[in-house]
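Structural description and commentary
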Amino acid sequence: MSKVTTMKEAIAQLVNDGDTLAIEGFTHLICFAAAHEIIRQRKRDLTLCRLTPDLIYDQMIAAGCAKKLVFSYLGNPGVGSLHAVRRAVEKGIPAPLEVEEYSHFGMVGRFIAGAAKLPFYPVRTFAGSDIPSANPRIRRVDDPYGTGQIYVVPPLNPDVTILHVQRADERGNAHIWGLMGMQAEAAFAARRVIIVAERLVDEAVIRADPNRTVIPGLIVDAVVHEPYGAHPSYAQGYYDRDTQFYLAWDTLSRDHDTLLSWLDEWVYGLAGRAEYIQRMGPEVWQRLQPGEAWSGQVNYGQYPE
Amino acid sequence: MSKVTTMKEAIAQLVNDGDTLAIEGFTHLICFAAAHEIIRQRKRDLTLCRLTPDLIYDQMIAAGCAKKLVFSYLGNPGVGSLHAVRRAVEKGIPAPLEVEEYSHFGMVGRFIAGAAKLPFYPVRTFAGSDIPSANPRIRRVDDPYGTGQIYVVPPLNPDVTILHVQRADERGNAHIWGLMGMQAEAAFAARRVIIVAERLVDEAVIRADPNRTVIPGLIVDAVVHEPYGAHPSYAQGYYDRDTQFYLAWDTLSRDHDTLLSWLDEWVYGLAGRAEYIQRMGPEVWQRLQPGEAWSGQVNYGQYPE
Amino acid sequence: MTEYTASEMMIAASARELAGARVVFVGIGLPNIACNLAQRTVAPDLELVYEAGVYGARPSRLPLSIGDPCLVAGATSVVSMPQLFQYYLQGGLIDVGFLGAAQIDRYGNLNTTVIGPYQKPKVRLPGSGGACEIALLARKVLIIARLNRRTFVDQLDFLTSPGHLTGGESRARLGDYGQGPTAVITDMGIFRFDEKTREMVLTSLHPGCKVEAVQERVSWPVWVAPDLAETEPPSPAELGIMRQELDPAGRYRQ
Amino acid sequence: MTEYTASEMMIAASARELAGARVVFVGIGLPNIACNLAQRTVAPDLELVYEAGVYGARPSRLPLSIGDPCLVAGATSVVSMPQLFQYYLQGGLIDVGFLGAAQIDRYGNLNTTVIGPYQKPKVRLPGSGGACEIALLARKVLIIARLNRRTFVDQLDFLTSPGHLTGGESRARLGDYGQGPTAVITDMGIFRFDEKTREMVLTSLHPGCKVEAVQERVSWPVWVAPDLAETEPPSPAELGIMRQELDPAGRYRQ
């Protein structure tokens, strides 16, 4: 049974005001197309969760979608600050933003605990740091084998997780390659999962390489076909990270009104990702086109009776 | 720097009497070639760890290599008992065998804790079972978030882990496909790692598909090239599981002396795996030869400046 | 009337229990055939997860082992044991698990560990494998076992996998786990569990079987449901699928 | 004499600190270039692990981000974040980690979280990312920072990543963690940590730099080693590799 739908439908049906939302992807496969649709549909009071809020949450926070941010690294990677997040935290523009802060490893532990339905996850970090004093949800337990105390973090179970993938079949079985980030854990931890794919493929393509299936359709609620949906992030083998965009964002996001103008032009003013692709123009996609470097194949074998 | 050596050398150098040893592999990629060399070198007092002791530890225990068994399922899968293990436990033949017993999930947790250097690992199993009363190393901690108590298991850190893989380069970077079992965790948890490969390949083959690299050479001490080294277990795409052997073992292992005769003929009487392959004869390898079912390829992309 | 074996009756009855289930944790042997039969009859959307880490297998033959390569080739996803046990089973994705045992008590508790004392066993059985966690974490559990007094015992020698413990609310008090066993499918009839006491109650007899014969093979006084039914025998369609498609060699027929 | 920039001096000094190291956790920017320089000079067998989950990268260009696709293509292994943080970092495989910070105190404790009070920050900084666990779990830590009084402060506004805490045995008392920072590589000289007090001690001045200038840029009274050395300037070979191979566009030269 096909779960294929449009981004508009998927967001309308599966993302509610007040939801806890994770659009994951460590640098790689960050689904900006979904974020833009959420901004367009003016979703409100979201609790946004990601290790690295990146430009995607900078945009959503500037647009007023969020009431809270759960994170571990608040930067424009290799460039500098996330100015919109800083404005919200430092000055309450456009609205005050609650923050709940971990280290990367703390967030990793939270997603694992969420996926595994564990009440807590132990991590050998935080000792000696002020982070636990700033976040009372980071606690400690005694090791019953006598090595002393260890910090633990609570599970993170998003209402919705949205993941961009390279290819998926119509049931949501998805192949991912390149950086894996927290994709598997963020999906298994969620109550609802939206898979956004560069390519929709026949299930035979998936079944030819079952070890590459990071997300099973079993846990997927909707599948959206949205090529270039991760730009200015990237999809390994499909298009490069748009470093020019990440650098340009540092300038244009320094002023709230300039940022809003950008949203007007590139988000509110467009019906969807197809228009975004067209407006960016072919020279951008040409510039981001990688060369070919193929994986080689492995034989899974045929096993007749 | 190449780590390639012979099985004889690898076992002589890296496996010591009294070691805690894990030859892992869930049905798949069980390295019988290493076990046979350990039997030949008459290693003693080993603590043998595996989820499923399978025929491999049945043989090693019958040969007198083990003083203790750490496990979760003691059977000949789909066939019945492990008669040699039962003789050791029930009758002390050839010697008494200490057992330390978990469920599968308990063993999974132990290997994860070992790989992650965690003092314990929480698992939502064992509640209401007699297993914890039979194994005092299974303990409980209080959830600091208030859901009550949860069982935990201690880390398992073998002195040596031996893994069979489909292909590896000379530094031990290894591609595995098919069932993954506990291969990654058993390797990361170990102090020393021996990789036994069906094929030795150029590192370019590994680097063409880095997501397939389950074991990084970083943690590998020796690499042995041993085709058919997992028989009667199997290597996905290379040779089938020898169900005839598993069925035959049920009969021949029922009597200790019959089993010892088998060891004389197939282990002590042979210099190594090459002779084993020859003695088995080409019709066996022909019978176990799977057809082809290729994975397809993915593009990792080329990214020039 | 079409003839059929007791195994075929057990397989058909087990398959029917999967009506409405979405995801089943599959074991080798009768449960494997029952799940595949259910997919072709009462539960066309049933998803199969194998303990070895395989989701969506399409086996080309009847595997001897849960880790057979035929389960891997052409599957939808193959994952490591940590992922399987943590994200699939503990994560709550499994609706139904199948279990068997060397000993079963009236509350559906199971022993697969030892006969005799643990430290000096008369018979060393396989142990838990994944059974303890399946018993706790699958939403519900189906038990398949042939009736005899050595199996259906008054008192387990070892409780490997929790059923309803000492009955009543005792399992619920364990915490946030699945509901435990809901049916015991035997070669002579089907037991379910009383909603209050959580004791086994014989609710259905297979055609030709008698309550007295069941009682002879159970060590405790058997409760019989007032509306004791007769199990519908395997239909020609069910038998056809089992015999022609699923087990043409008849390995699990006897 | 060959001319070079302060950044080049910092990179060369950092690379030399990697002599004998086997596995380094690589960050973007100066540490990235330092690690690649070390591989080509003092540590040919050095293995690089990137925080994004990449082992054995062979980048075809100088990446802007730690998660750049050029780090993935042609790498030896690419793993998920749970594997990276648990099996590589927490598992004890990392010999050296590099860290920078907005604020550093005399014990090598680092602040990358806030300037001002946490609940109402004057400047909201990026936070920990992986820094807190690198600081604890790498066998040793190298800190790279440019000297100025806003960075080298008497008192951190927030302790994100533990150095030697309050000095003496205070870090050892935390438990089984790495040894903490061993050097602070600045644009004017190199600090190490006194074995007893664990306070920073200036052990080497870069050519042309003066102790007084260092003191002007540090908020606490600087300890100077009795055998204060002059840092060996970047050699022509080091400069050649940096300029021709590692950063031909000169992005990290100033």
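Just so you know, these numbers come straight off a predicted model, no measurement behind them.

Observations regarding the pattern of salt bridges
- In the structure shown here, the tally under the stated rule is 51 salt bridges over all chains.
- In this structure, R191 of chain A and D159 of chain A form a salt bridge, with 3.3 Å as the shortest nitrogen-oxygen distance. Separated by 32 residues along the polypeptide, R191 of chain A in the loop between helix 7 (183-189) and strand 11 (192-200) and D159 of chain A in the loop between strand 8 (149-153) and strand 9 (160-168) bring together distant segments of the chain.
- Given the relative accessible area of 18%, D159 of chain A is considered buried.
- Residue R137 of chain B is joined to E100 of chain B by a salt bridge in which the shortest nitrogen-to-oxygen separation is 3.6 Å. Of this pair, R137 of chain B sits in the loop between helix 6 (131-134) and strand 7 (139-142) while E100 of chain B sits in strand 5 (residues 98-101), and the two are 37 residues apart along the sequence.
- A relative accessible area of 7% places E100 of chain B in the buried class.

Re the nonpolar core
- Of all hydrophobic cores here, the largest spans 407 residues; its most connected members are M60 and I162 of chain A together with M60 and I162 of chain B.
- Among all residues touching I162 of chain A, those that are not within four sequence positions of it are I11, V15, L21, A22, I23, E24, C31, A34, I38, I194 and V196 of chain A.

As for the interface of chain C and chain B
- The interface of chain C with chain B comprises 45 residues on the first partner and 44 residues on the second.
- When chain C packs against chain B, close to 3700 Å² is buried across both sides, 61% of that on carbon and sulfur atoms.
- Counting across the interface, chain C meets chain B through two salt bridges.
- Ionic pairing is found between E101 of chain B and R124 of chain C, a salt bridge with its closest N-O pair at 2.6 Å.
- Within the residue set of the side of chain C that touches chain B, elements represented by two or more residues are helix 3 (69-72), helix 4 (81-90), strand 9 (123-124) and helix 5 (131-137) of chain C.
- Here the residues of the side of chain C that touches chain B sort into 26 nonpolar, 11 polar and eight charged.

Details of the interface of chain B and chain A
- At the interface, 46 residues of chain B touch 46 residues of chain A.
- Both faces considered, chain B and chain A share a buried interface measuring about 4600 Å² in area, 55% of it formed by carbon and sulfur atoms.
- Across the contact surface, chain B and chain A share two salt bridges.
- Residue D209 of chain A pairs with R212 of chain B through a salt bridge whose shortest N-O separation is 3.0 Å.
- At the surface where chain B touches chain A, the tally comes to 33 residue pairs in polar contact (both at pLDDT 80 or more).
- Mapped onto the side of chain B that touches chain A, the elements with two or more residues apiece are strand 6 (121-123), strand 7 and strand 8 (149-153) of chain B.
- By residue number, the principal contributor to the side of chain B that touches chain A is strand 7 of chain B, which donates four residues.
- Of the residues belonging to the side of chain B that touches chain A, the class tally is 22 nonpolar, 12 polar and 12 charged.

Focus on the relation of the copies chain B and chain A
- In screw terms, the move from chain B to chain A is a rotation of 180° and a rise of 0.0 Å along the axis, fitting with an RMSD of 0.0 Å. Taken together, these values place the two copies in the relation of a two-fold axis. Minimal C-alpha separation from the rotation axis in chain B is found for Q297 of chain B, amounting to 2.8 Å.
- When the interface residues of chain B are mapped onto chain A, 100% of them again fall at the interface, so both copies present the same face.

Quick word on unusual backbone geometry
- P94 of chain B follows I93 of chain B through a cis peptide bond whose omega is -5°.
- As for its position among the elements, P94 of chain B is in the loop between helix 4 (83-91) and strand 5.
- Here the residue pair H231 of chain B and P232 of chain B is connected by a cis peptide bond, since its omega of 10° sits within 30 degrees of zero.
- Structurally, the position occupied by P232 of chain B is in the loop between strand 13 (222-225) and helix 9 (243-252).
- Of note in this structure, D45 of chain A is not a glycine but carries a positive phi near 60°.
- What makes D45 of chain A partly exposed here is its relative accessible area of 44%.

Some details on the packing of aromatic side chains
- Within the structure shown, the criterion is met by 35 aromatic pairs over all chains.
- Ring centres of F105 of chain B and F85 of chain C lie 5.7 Å apart, and the angle between their planes is 20°; this geometry places the pair in the stacked category. You can see F105 of chain B sitting in helix 5 (residues 104-116) and its partner F85 of chain C sitting in helix 4, one on each of two chains.
- Given a relative accessible area of 0%, F105 of chain B falls into the buried group.
- Ring pairs connect the aromatic residues F245, W249, W262, W266 and Y276 of chain A, which therefore count as one cluster.
- The side chain of R241 of chain B reaches across the aromatic face of Y246 of chain B, ending 3.8 Å from its centre.
- Positioned over the ring face of Y276 of chain B is R273 of chain B, at 3.8 Å from the centre of the ring.

Digging into the domain arrangement of chain A
All names here are of chain A.
- Looking at chain A, the domain boundaries give domain 1 (4-102 + 157-287) and domain 2 (104-153).
- One C-alpha centre belongs to domain 1, the other to domain 2; they are set 27 Å apart.
- Together, the buried faces of domain 1 and domain 2 total about 1400 Å²; carbon and sulfur atoms form 72% of this surface.
- Of all residues in domain 1, the largest losses of buried area upon contact with domain 2 belong to L51, Y102 and M182, amounting jointly to 40% of the total for that side.
- For the pair domain 1 and domain 2, the number of links is two salt bridges.
- The interface formed by domain 1 and domain 2 contains six residue pairs in polar contact (both at pLDDT 80 or more).
- Those elements that provide at least two residues to the side of domain 1 that touches domain 2 are strand 4 (66-71), strand 5 (98-101) and helix 7.
- The leading source of residues in the side of domain 1 that touches domain 2 is helix 7, at four residues.
- Residues of the side of domain 1 that touches domain 2, tallied by class, amount to 12 nonpolar, three polar and five charged.

Some thoughts on the side chain of D105 of chain C
All names here are of chain C.
- Tracing the backbone through its elements, the reader meets D105 in the loop between strand 6 (103-104) and strand 7 (110-111).
- No salt bridge forms around the buried D105; measuring N to O, its nearest opposite-charge neighbour R106 is 6.6 Å away.
- At a separation of 2.9 Å, a polar atom in the side chain of D105 contacts the main-chain amide nitrogen of Y107.
- At a separation of 2.9 Å, a polar atom in the side chain of D105 contacts the side chain of N109.
- With residues near it in sequence (within four places) discarded, D105 still touches V153, D154, L156, M200 and W220.

Here's the deal with the sheet that holds strand 6 of chain B
All names here are of chain B.
- Ordered by their spatial adjacency, three strands build an open sheet running 6-8-7, and the pairing between neighbours is antiparallel. Of all strands in the sheet, those bounded by a partner on one side alone are strand 6 and strand 7. In this sheet, adjacent strand axes meet at a mean angle of 50° when their direction is disregarded.
- Where strand 7 meets strand 8, four bridges bridge the pair, whose relative direction is antiparallel. Looking across to strand 8, one finds that R139 is bridged to V152.
- Seen against the sheet, helix 5 touches strand 6 and strand 8 and runs at an angle of roughly 155° to strand 6.

Some remarks on helix 1 (residues 7-14) of chain A
All names here are of chain A.
- Looking only at helix 1, the buried set comprises M7, A10, I11 and L14. An end-on view of helix 1 places all buried positions within 95° of arc, on one side of the element. Of the exposed residues in helix 1, those oriented more than 90 degrees away from the buried face are K8 and Q13.

Side note on the packing of helix 3 (residues 54-62) of chain B against helix 4 of chain B
All names here are of chain B.
- Running from N to C, helix 3 and helix 4 point in directions that differ by 50°, and their axes come no closer than 7 Å. Looking at the two axes, helix 3 sits oblique to helix 4. Read as a crossing pair, helix 3 and helix 4 show a hand that is left-handed. Here D58, I61 and A62 of helix 3 come into contact with helix 4, specifically with H83, A84, V85 and A88.

Parameters at a glance
- Within any chain, residue numbers begin from 1 and follow the written order of that chain's sequence.
- Throughout, the order in which chains and ligands are written sets their labels, letters from A for the former and numbers from 1 for the latter.
- Local features in this predicted model are restricted to residues of pLDDT 70 or higher, and side-chain atom pairs are both shown and tallied only at a pLDDT of 80 or more, whereas totals for entire chains, interfaces and linings draw on every residue.
- For side-chain calculations, the full set of non-hydrogen atoms in the structure is used, while hydrogens and water are omitted.
- A side-chain nitrogen of Lys or Arg and a carboxyl oxygen of Asp or Glu constitute a salt bridge if their distance falls within 4 Å.
- By definition, any uninterrupted DSSP run of H or I lasting at least four residues is a helix, any uninterrupted run of E lasting at least two residues is a strand, and each is numbered from the N terminus.
- Per-residue accessibility, obtained with a 1.4 Å probe over protein chains only, is compared with the maximum for each type, and a residue is labelled buried under 20%, exposed over 50%, and partly exposed between these values.
- Residues belong to one nonpolar core when they are buried, are Ala, Val, Leu, Ile, Met, Phe, Trp, Tyr or Cys, and are joined through side-chain atoms within 4.5 Å.
- Contacts were defined at the residue level, with two residues in contact if any of their heavy atoms lie within 4.5 Å.
- Summed over both partners, the accessible area lost on bringing two parts together, with a 1.4 Å probe, is the buried area.
- Classes in brief: Ala, Val, Leu, Ile, Met, Phe, Trp, Tyr, Cys and Pro nonpolar; Asp, Glu, Lys and Arg charged; the others, Gly included, polar.
- Under this definition, polar contacts are N or O atom pairs within 3.5 Å; protein pairs additionally need one hydrogen-donor-capable and one acceptor-capable atom, and for neighbouring residues in sequence, both atoms have to be side-chain atoms.
- In this comparison the copies share one frame, found by least squares on the C-alpha atoms of residues holding pLDDT of at least 70 in both.
- Within 6.5 Å between ring centres, the rings of Phe, Tyr and Trp (the latter by its six-membered ring) count as paired, and their orientation is classed by plane angle as stacked under 30 degrees, edge-to-face over 60, tilted in between.
- Look at NZ for Lys and CZ for Arg. If either is within 6 Å of the ring centre and within 35 degrees of the ring normal, a charge sits over the ring.
- Domain boundaries shown here were taken from an automatic or database domain assignment.
- The charge count treats Lys and Arg as positive and Asp and Glu as negative. His and the chain ends do not count.
- In this description, strands pair whenever DSSP reports at least two bridges between them.
- Helix axes are fitted only over the stretch in contact, all axes being lines through C-alpha atoms; the angle between N-to-C directions runs from 0 to 180 degrees.
- Here the arc refers to the set of directions running from the helix axis out to each C-beta atom.
- Angular relationships are summarised with four words: roughly parallel below 35 degrees, roughly antiparallel beyond 145, roughly perpendicular across 65 to 115, and oblique for the angles in between.
- By convention the crossing between two helices is left-handed if the near helix lies anticlockwise of the far one by an angle smaller than a right angle, and right-handed if it lies clockwise.

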